[in-house]
Amino acid sequence: MGSIAEVLEVPENQKVERPPKTIFNHGFARTAEELTPILHEWVDRPLSVVEFQPYPNEFFKCKALPTYTIDELSLISYGRGDKFILDFGSHRVGYLSFHIGVDGVNIDAPARLRVTFGEIPYDITENLYPCNTWISTSWLPDEVINVDWLPTDIEMPRRYAFRYVKIEIIDTSQKFKIRFSDVKVRAVSAVSPSMMLDVESLKTNDEELAALDRISQVTLRNCMQTVFEDGPRRDRRLWLGDLRLQALTNYCTFKYYDLVKRCLYMFAALPREDGSLPACLFEKPKLSAASDYIVDYDALFGPTVYDYTVASGDVQTAIELWPTVLKSMQNPLLHLDKNGKFNPDASKAWKFLDWSKGLDTTAGMHGLVLFCCKEINKLALLISEPPPFLSIAEKMTAAAASFYDSSLRVFISGPDRQISWSSQAWLALAGAADAETCLTAIKIAMAHPEAIKPLTPYAYHHVAESLARCGGQEECLKLMREYWGGMARAGADTFWECFDSEDPRSSPYGDCHNNSYCHAWSCTPSYLLRVVLKDYIM
């Protein structure tokens, strides 16, 4: 297996000395529990046995080529040192099973196998160890199993996310070899195959856009389990910022409102003693808050409730969650100075926006908090409450002018006057200036050779939406074709956690083997195409 590499240092802004106490809301927890979905199951089988050959022009520098059919697999005997790779044709989430037959004189030793699950070619063409990462290597998708009695059926107990499965025969004995048959995955999701088929086709003749819409839906479906998971391989839990984008895409595709409602109540059940909400939570073994806290995710709870209320018409839930919405803004608003300008130094808490290296979040966080204030004001009107942040929004809008450099025609951030795509995006979405000014700022930043670009689809989404909302629909489509289309051209059948078209090994964690290649915050092309750009592409 090889050694596990020295663990890299956890980033400073993610170290937590002592998280605040959670004030558990049992009533909200019961509501969430009552909304737990029954997962749908179906069986999928591999399409072929493949081997990977070097292909320098491919994104991962290799390509899968068929070696023999699944029917032929059961006719081949395997012994010590043999291996084969199964291709299921596209991404799956579920439980693998197979039958092991035997050829030989007698079974005088266990069969020892290593089973590796691959979302991308690197997972099964390279050794996963050592893994130079600052997050746990226990997420790496391989198992060693010992099979004592043969022949037998094997049902692997853990759920995996994969397209490829590599089975290595570590050892049998000199007296027998083994054969494999009836390989299948019991796929699971809160979204059934029939629900997928019921989604109305995208109204376009553009094959590339239709493909992006289709991949988005598969990405979202595979992440929709008993919660909206961020990734079915890693981290397999519910994050608040991710939830907002998943929910927006769900509203225009599967329309599974109750799963969004469940997740909102799960967060509302776990406020911290200062009223803030955790950035993510654990569903099992029992509902509990993670120690992670992200200022921007806390603020985004209110807009997520607002989006849910508009989409579902469920005003009663918004009324019940209204106190939680107000409290979730307390910490973000504590970062405003006397002039209403966001000050990142007001706390050591994590301000995220994106994984892009060196990103200064000051201007982007100002835009995000202003955006949240305005969305919550709109939510207040839906539930007949007085808008709570009118004066704050007015003050923040005025303060946003301090980020604008009229000579450069862009928003700048921090003491080094950094130009980034994310700063422009969030200030544009917040309406910090008129649409023409914002669109010009985004386009100039995108063309600036030293501007900080996004790394993740999470940030790229906000850039794309800000373009379209400011009148740059064509630029939005161009960006979607370049970024999400780039993933599709690189072989993605679900969209990835991060993507750098120049570097297939790019990772926020130090090693791409610990990346997630079906990640829910990347599923928004369906939302952009079906909602934001709907009239334009038609």
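As a reminder, the structure under discussion sits directly above these lines.
Residues numbered from 1 in each chain as written. Predicted model: local features only at pLDDT ≥ 70, side-chain atom pairs only at ≥ 80, totals over all residues. Heavy atoms only, no water.

A. Structural detail: the packing of helix H16 (residues 457–469) against helix H17 (residues 473–489). Relative to each other, H16 and H17 sit at 160 degrees, their axes nearing to 7 Å. Our classification of the angle between H16 and H17 gives roughly antiparallel. Helix-helix and strand crossings are classified by hand; for H16 and H17 the assignment is left-handed. Here Pro 457, Tyr 460, His 461, Val 463, Ala 464, Leu 467 and Ala 468 of H16 come into contact with H17, specifically with Gln 473, Glu 475, Cys 476, Leu 479, Tyr 483, Trp 484 and Met 487. Considering only residue class, the contact of H16 with H17 consists of 11 nonpolar, two polar and one charged. (Axes fitted to C-alpha atoms, helices over the stretch in contact; angles between N-to-C directions. Helix = DSSP H or I, 4+ residues; strand = E, 2+ residues; numbered from the N terminus. Parallel < 35°, antiparallel > 145°, perpendicular 65-115°, else oblique. Left-handed = near helix turned anticlockwise from the far one by under 90°. Contact = heavy atoms within 4.5 Å. Nonpolar A, V, L, I, M, F, W, Y, C, P; charged D, E, K, R; others polar.)

B. Focus on the pattern of salt bridges. What the rule picks out here adds up to 29 salt bridges. Here Asp 182 makes a salt bridge to Lys 184, at a shortest N to O gap of 3.0 Å. The class of Lys 184 is partly exposed, set by a relative accessible area of 22%. Of the charged contacts in the structure, one is a salt bridge between Arg 244 and Asp 307, with a shortest N-O distance of 3.5 Å. In this pair, Arg 244 sits in helix H6 (residues 240–251) while Asp 307 sits in helix H9 (residues 301–312), placing the two residues 63 residues apart along the sequence. The exposure class assigned to Arg 244 is buried, which follows from its relative accessible area of 6%. (Salt bridge = Lys/Arg side-chain N within 4 Å of Asp/Glu carboxyl O. Buried < 20%, exposed > 50% of the residue type's maximum accessible area, 1.4 Å probe, protein only.)

C. Up close: the sheet that holds strand S10 (residues 238–239). Pairing is antiparallel across the open sheet formed by three strands, whose spatial order is S10-S11-S12. Across the chains shown, the open sheet's two edge strands, defined by having one partner strand only, are S10 and strand S12 (288–289). Here two bridges tie S10 to strand S11 (residues 280–282), and the two strands are oriented antiparallel to one another. Considered in S11, the bridge of Trp 239 is made with Cys 280. (Pairing = 2+ DSSP bridges.)

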